[in-house]
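Geometric and topological summary
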Amino acid sequence: MKTSWRNASLVAGAAAVLVLTTACGQEGGTSSVGSQNVGATAAAGGYGGVGSGIGTGTSPSPSSTVGGGQGNLGAQSASAGKLEVSANAELGDVLTDSAGHSLYRFDEDTAEPPKSNCNGDCATAWPPVPANDASAGAGIDKALLGEVTRADGSKQLTIAGWPAYRYAKDTKAGDLTGQGVGGKWYALAPTGKKASVASLPGLSTRNDPNLGEIVVDKNGMTVYRFAKDKAWPEPVSNCLGACLEKWPVVGPVSANDTKDVQKKGLMSFTRSDGVKQQTVNCSPIYTFAADKQPGDTNGQGVGGTWYAVRPNGDMVGVSDK
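Because the structure is a prediction, the values reported are computed rather than measured. (Residues numbered from 1 in each chain as written. Predicted model: local features only at pLDDT ≥ 70, side-chain atom pairs only at ≥ 80, totals over all residues. Heavy atoms only, no water.)

**Observations regarding the state of the cysteines**
Quick note on the threshold: Note on terminology: pairs of cysteine sulfur atoms within 2.5 Å are recorded as disulfides. We call a residue buried when its accessible area falls under 20% of the maximum for its residue type, exposed when it is over 50%, and partly exposed in between, using a 1.4 Å probe and counting protein chains only.
All told, the structure shown has two disulfides when counted by the stated rule. Sulfur-sulfur distance for the disulfide between C118 and C122 comes to 2.0 Å. With the S-S bond torsion at -110°, the cross-link from C118 to C122 turns out left-handed. Like C122, C118 is buried. Paired by a disulfide, C239 and C243 hold their sulfur atoms 1.9 Å apart. The sign of the S-S torsion, about -105°, decides the handedness of the disulfide formed by C239 and C243: left-handed.

Right, dumping it as structure tokens:
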């Protein structure tokens, strides 16, 4: 699906160029762009209710019944294998098993000491994750993995002390239909806390397992540079027309609304099409329409001209000298 760039207010061209020429390479910024704090939505009561389906846009299939032994229960009773981190646009980093099934925690459990209070029918709706063979994948601290002995004597995986579960109505990898069920069930973050997205600054950084530290926007989406653009003596974008459908510009961001991004050369400029665009170290920045959720880096290296951005404005994998 094509993503359109946001229109910004127009400014007088001559005045903008004058300010730009004197400000580029110096500390500065523009009007702030707000961030939205997206919270979890609790679903209807009961441990077996259908969750909010955050980030999936789907509901469990009719055959995925709770308590009837149908749906995905067979697969969900398997060992967790190497745990993984999945980025979700509304919940941030979510812990999954090696098959991509979301893992959950229960508010009626305890972490200190670890204890599961989900048994019987509850454990049918929320299959406990076996502790055997579970290991930590990238982005997960293996010291947080443990186990607890359940009432039936079986060993259940714990994350930072919290017993881990799957949800029977999650029928495929990436489903999050258990989020908020009964106001007591929540997706697990890799830290063992409830998965949630805190308000992000207009620009900040994250540590990508493949690319290292890169810049992200207020929605956690990877930020890119175009090698054909210019930064000196003033920013010039050469991504125009149809190019912008694939590479939406990042709008103005105040220097006070950034974190861990170099302040020098952090400013906006007025493009040739009249739209204001943000820069990092005076280089125009964009997002990529094919990145569908935070953590995606599908734009890296596209056409040999598009690259993720370092906090100092350099392009990842390209000498910026």
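Next comes the rest of the write-up.
**Some thoughts on the layout of surface pockets**
Just so we agree on the cut-off: Buriedness for pockets is judged along seven lines, at least five of which must meet protein on both sides within 12 Å for an open set on the 1 Å grid over protein atoms alone, while cavities are sets there where a 1.4 Å probe fits but cannot get out, and lining residues have an atom within 4 Å of a point. Grid points are joined across faces, edges and corners, and a volume is the space filled by probe spheres set on the points. Here a strand is any run of E in DSSP of at least two residues, a helix any run of H or I of at least four, and the numbering for each starts at the N terminus. For this classification, the nonpolar set comprises Ala, Val, Leu, Ile, Met, Phe, Trp, Tyr, Cys and Pro, the charged set comprises Asp, Glu, Lys and Arg, and every other residue, Gly included, is treated as polar.
Considering only enclosed or pocket space, the largest pocket measures out at about 910 Å³ in volume. Around the largest pocket sit 35 residues that line it, and V85, A87, D93, R206 and G295 are the ones nearest its centre. When residues of the lining of the largest pocket are traced back to their parent elements, those giving at least two are β1 (82-88), β2 (92-96) and β11 (203-208). Taken together, the residues that form the lining of the largest pocket break down as 13 nonpolar, 15 polar and seven charged.

**Some remarks on the pairing of strand β15 (residues 276-280)**
The criterion, for reference: Strand pairing follows a simple DSSP-based rule, namely that at least 2 bridges must link the two strands.
Burial analysis of β15 places five of its five residues in the buried class, which makes it a mostly covered element. Here three bridges tie strand β14 (residues 268-270) to β15, and the two strands are oriented antiparallel to one another. Paired with T270 across the bridge in β15 is K276. Turn length for the β14-β15 hairpin, with the two strands adjacent in sequence and antiparallel, is five residues, and the turn residue G274 shows positive phi of about 90°. As paired strands, β15 and strand β16 (residues 283-284) are joined by two bridges and run antiparallel to one another. Bridge pairing in β16 places V280 opposite S283. The antiparallel hairpin formed by β15 and β16 contains two residues in its connecting segment, where N281 sits at a positive phi of about 50°.

That is the geometry; function is a separate question.
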